Amino acid sequence: MDIIQISEILEAAHYSPEEFGKLVGISGMTIRRWMKKPGKSGIPKVYVAAIRDACYRLISEGRLSPDSPVILALLSDGMSGVYEASLKNLGLSKGFDTGLSGSQEQILSGLVEIGSQSAKQTMVRDSASRLPFFRNLGEEWSRRIGMLWKVISSEDLSSPDKVVAYGALFYLLTPIDFIPDTIPFFGFLDDLGVMGIAVAYYSRRFQNHSSS
């Protein structure tokens, strides 16, 4: 990672060094000091992971484009550790099967594991303001998000009944998942697919409940 990339990120996000520094956990003065160096000068490696994570957050908030060349180049450099980072971020056990050929039952099992964690539930509730960005991606996005939010807001459902919805929404909102959102089209399609499985799960449950 070099100074040119940092400059392009700041320009694309319309962020000052101070604003970006808050996301990274360093002072704006430090970033300004970097930017006084030649453009190809490298960023200290100790900060690279934090900068990459800040970019994920800006992408999820719609402040950076996931298909921007500088973002693709920056985030692709760290793809080797995405699997381990994804498991840790989602709170899944290391033995969880993340293969794309996994069954819906495996995915639902993962969503239950994620959504059962109180910290993940809190993050979903605290991030409600970010959902309109995803709902604006299309009618189906809006429908699925709306149904899942209705589930977690319901006073008629018990906490265990809501864990799949919490898991799916956390998967949507978290900046690191099994197919990073920075991969054009496929990253967002993955989020939509996971929500679809969760919505289908609740549709079956509500249908069975109404017919019993």
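Residues numbered from 1 in each chain as written. Predicted model: local features only at pLDDT ≥ 70, side-chain atom pairs only at ≥ 80, totals over all residues. Heavy atoms only, no water.

Considering unusual backbone geometry
- Although it is not a glycine, His14 sits at a positive phi angle of roughly 55 degrees.
- Here His14 shows up in the loop between helix H1 (3–13) and helix H2 (17–24). (Helix = DSSP H or I, 4+ residues; strand = E, 2+ residues; numbered from the N terminus.)

Thoughts on the packing of aromatic side chains
- Inspection of the entire model under this criterion finds three aromatic pairs.
- Consider the rings of Phe133 and Phe134, whose centres lie 5.0 Å apart with planes at 75 degrees: the pair is edge-to-face.
- Take Phe133: its relative accessible area is 29%, and that puts it in the partly exposed class.
- Residue classification places Phe134 among the buried residues on the basis of a relative accessible area of 0%.
- With 4.9 Å between their ring centres and 75 degrees between their planes, Tyr201 and Tyr202 make a pair best called edge-to-face.
- Classification of Tyr202 as buried rests on a relative accessible area of 1%. (Phe/Tyr/Trp six-rings, centres within 6.5 Å; stacked < 30°, edge-to-face > 60°. Buried < 20%, exposed > 50% of the residue type's maximum accessible area, 1.4 Å probe, protein only.)

Examining the environment of Ser16
- Summarising the element assignment, Ser16 is placed in the loop between H1 and H2.
- In this structure Ser16 comes out as partly exposed when scored by relative accessible area, which is 23%.
- Through-space distance from the C-alpha of Ser16 to that of Ile31 is 9.6 Å; in sequence the pair is 15 residues apart.

Looking at the nonpolar core
- Counting residues in each nonpolar core, the largest one holds 30 residues, and the members touching the most others are Leu148, Leu169, Leu172 and Met195.
- Broken down by secondary-structure element, the contributors of at least two residues to this core are helix H7 (104–115), helix H9 (131–135), helix H10 (139–153), helix H11 (163–173) and helix H12 (186–211).
- In terms of residue count, H11 provides more of this core than any other element does, nine residues in total.
- Setting aside anything within four residues of it in sequence, one finds Leu169 in contact with Val124, Leu131, Ile145, Leu148, Trp149 and Ile152.
- Within the second largest apolar cluster, 21 residues are counted, among which are Ile6, Val24, Ala54 and Val70. (Core = buried A, V, L, I, M, F, W, Y, C linked by side-chain atoms within 4.5 Å. Contact = heavy atoms within 4.5 Å.)

Re H2
- For H2, the complete set of buried residues consists of Pro17, Phe20, Gly21 and Val24. For H2, the angular spread of the buried residues around the axis is 105 degrees, confining them to a single face. (Arc of directions from axis to C-beta.)

A few points about the confidence of the model for the protein chain
- The share of residues in the protein chain with pLDDT of 70 or more is 78%, and the mean pLDDT across the chain is 82.
- Per-element confidence in the protein chain ranges from a low mean pLDDT of 66 for helix H6 (residues 82–90) to a high of 96 for H10. (pLDDT = per-residue confidence, 0-100.)

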